[in-house]
Amino acid sequence: MAKKAVLIGCNYQGTKAELKGCINDVKRMHTCLIQRYGFSDDDITVLIDTDDSYTQPTGKNVRSALTDLIRSASYGDILFVHYSGHGTRLPAETGEDDDTGYDECIVPTDMNLITDDDFKQLVDEVPRGCQITIVSDSCHSGGLVQDAEEQIGESTKSSSEGQGQEEDFDDQEVDSGDGDRGYTKSRSLPVSTLIEILKQKTGKDDVDVGNLRPTLFDVFGDDASPKVKKFMKVILDKLQSSDSGGGLMGLVGGLAQEFLKQKLNDNDESYTKPAMETKVDSKEEVYAGVSHKALPEGGVLISGCQTNQTSADASPSGNAAAAYGALSNAIQAIVEETDGQVTNHDLVTKAREMLKKQGFTQRPGLYCSDHHVEANFVC
């Protein structure tokens, strides 16, 4: 039996999306896995963006690390994934006939988003008999594996896909209780900020809500999200067949359509190939979302908050070196208090109580099969 982990921390330094506690979360979890749970440093892959000696948490690198983790596993292995950073939601693109649905995403440092469908496809490949625990200390994390059984949580999803208002706080001062002033920031990346950063990366002024998926494909090409490439495959197929009316095509602006048509006419394979070679078995994969088997039998997802809440990046002392994610900090405190002998159910229940006492409104969730509710956290 092997114990393997991937730890991902994104502080987004020097950007409008900057956070302070994510790298600290990863460092503490790294120490915890080795000292409390018997992991070897050689079997822990760390991706952080504040030290060039580490693999950078770009979209391509995160997908590669997760793929390597899962494909190297075999029966009986213990797998662990911890993500600390921003979450976001790609807006639905709704045409006359088709609806992409919302895509809940984690946000690598280069903004090459990893969607919930991408994540589910990776989880689908976990070998039988493996146990995988995923902690996502970010916003929009409860939907990363949407069909997982919710053991602790208050699902707010409705026919409107949970379009309720999120608690949205930017940098705010908070009282640590001893007179010190600190800060709290949401780990939810607003779409407006995503657009602003993509404009800076591309030098384009026409990036907007209505063309986010084409923009992500334009910037990242073959390294873009598989879900984004499937979306573009459908768009390009429609253009090739001159079916440019209605549905999603009605949402792709005239200039964008002409640009894509020119790429097709010029046989610009370097541009279109990543999409055209992507397999799309049915339109549901692009629109409402493809059905997966959700978490594997041995899978556990612990999310930072519920759908209509935001996870907190915090530093009650005001010291950035001591900043943390509220959920990650609670997990470390509970693991220390119990010497690591705590069930998934008790961990999330205790974390909820702790966060409430500390003044955080987020409520972590637990998603897993009944069998793993009372199983030990991690292993």
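- Looking at an unreviewed UniProt entry, the protein carries the name Metacaspase-4, with the source organism given as Heracleum sosnowskyi.

### Re the overall build of the protein
Reasoning step 1: Counting its regular elements, the protein contains 10 helices and 14 strands.
Reasoning step 2: Burial statistics for the protein: of 379 residues in total, 55% are counted as buried.
Reasoning step 3: Of all intrachain contacts in the protein linking residues separated by at least 6 positions in sequence, the fraction that spans at least 24 positions is 74%.
Reasoning step 4: As presented, the protein carries roughly 16,000 Å² of accessible surface, and 43% of it is formed by carbon and sulfur atoms.

### A few points about the environment of Ile235
Reasoning step 1: Note that Ile235 resides in helix H6 (residues 226-240).
Reasoning step 2: A relative accessible area of 1% means that Ile235 is categorised as buried.
Reasoning step 3: Separated by 40 residues in the primary sequence, Ile235 and Ala275 place their C-alpha atoms 9.4 Å from one another.

### Structural notes on the packing of aromatic side chains
Reasoning step 1: A complete count under the given rule lists three aromatic pairs for this structure.
Reasoning step 2: Both rings, one in Tyr37 and one in Phe377, keep their centres 6.1 Å apart while their planes meet at 85°; by these two values the pair is edge-to-face. Highlighted residues: Tyr37 in helix H1 (residues 22-37) and Phe377 in the segment after strand S14 (365-368), separated in sequence by 340 residues. Across the pair, Phe377 and Tyr37 agree in class, each one buried.
Reasoning step 3: Seen from their ring centres, Phe80 and Phe377 are 6.0 Å apart, and the 80° between their planes marks the pair as edge-to-face.

### Describing the sheet that holds strand S5 (residues 103-106)
Reasoning step 1: Judged by pairing direction, the sheet is antiparallel, and its three strands sit side by side in the order S4-S5-S6 without closing on themselves. Looking at the sheet topology across the chains shown, the edges are occupied by strand S4 (87-90) and strand S6 (114-115).
Reasoning step 2: Bridging between S4 and S5 involves four bridges; their strand directions are antiparallel. The residue of S5 that forms the bridge with Leu90 is Asp103.

### A word on the pairing of S5
Reasoning step 1: Both faces of S5 are covered, namely the face carrying Asp103 and Cys105 and the face carrying Glu104 and Ile106.
Reasoning step 2: Where S5 meets S6, two bridges bridge the pair, whose relative direction is antiparallel. Looking across to S6, one finds that Cys105 is bridged to Thr115.

### Some points on the sheet that holds strand S2 (residues 44-48)
Reasoning step 1: As summarised here, the arrangement of the seven strands in space is S2-S1-S3-S7-S11-S14-S8, forming an open sheet in which the pairing is mixed. Only two strands of the sheet have a single neighbouring strand rather than two, namely S2 and strand S8 (150-152). Looking at each pair of strands side by side, their axes are set apart by 15° on average, direction ignored.
Reasoning step 2: Judged from the seven bridges that link them, strand S1 (residues 3-9) and strand S3 (residues 78-84) form a sheet pairing that is parallel. Note on S3: the bridge partner recorded for Lys4 is Leu79.
Reasoning step 3: Packed on one face of the sheet, H1 meets S1, S2, S3 and strand S7 (131-137) and runs near 165° to S1.
Reasoning step 4: Each of S3, S7 and strand S11 (299-303) is contacted by helix H9 (residues 326-338), which is oriented at about 130° to S7, the strand it contacts most.

### Examining the pattern of salt bridges
Reasoning step 1: All told, the structure shown has 17 salt bridges when counted by the stated rule.
Reasoning step 2: Between Asp25 and Arg187 there is a salt bridge; the shortest N-O distance is 3.0 Å. You can see Asp25 sitting in helix H1 and its partner Arg187 sitting in the loop between strand S10 (181-186) and helix H4 (191-202), a full 162 residues away along the chain.
Reasoning step 3: Classification of Asp25 as buried rests on a relative accessible area of 1%.

Rules of the game
- Within each chain, residues carry numbers counting from 1 in the order of the written sequence.
- Since the coordinates come from a predicted model, pLDDT governs what is reported: local features require at least 70, and pairs of side-chain atoms require 80 or more to be given and counted, while whole-chain, interface and lining totals use all residues.
- Excluding hydrogens and water, the side-chain values take into account all heavy atoms of the structure.
- Secondary structure counts use DSSP, requiring at least four H or I residues in a row for a helix and at least two E residues in a row for a strand, with both numbered from the N terminus.
- With a 1.4 Å probe rolled over the protein chains alone, any residue whose accessible area is under 20% of its type maximum counts as buried; one over 50% counts as exposed, and the rest are partly exposed.
- The contact criterion used throughout is that any non-hydrogen atoms of two residues lie within 4.5 Å.
- Accessible surface area values rest on a Shrake-Rupley calculation with a 1.4 Å probe, where residue burial reflects the displayed protein chains alone.
- Here a pair means two rings of Phe, Tyr or Trp (six-membered ring of Trp) with centres within 6.5 Å. Their orientation is stacked below 30 degrees between planes, edge-to-face above 60, and tilted elsewhere.
- A pair of strands is labelled paired if DSSP reports no fewer than 2 bridges between them.
- Note on method: axes are straight lines fitted to C-alpha atoms, helices fitted across the in-contact stretch only, with angles between N-to-C directions ranging 0 to 180 degrees.
- Salt bridge criterion: a side-chain nitrogen from Lys or Arg within 4 Å of a carboxyl oxygen from Asp or Glu.

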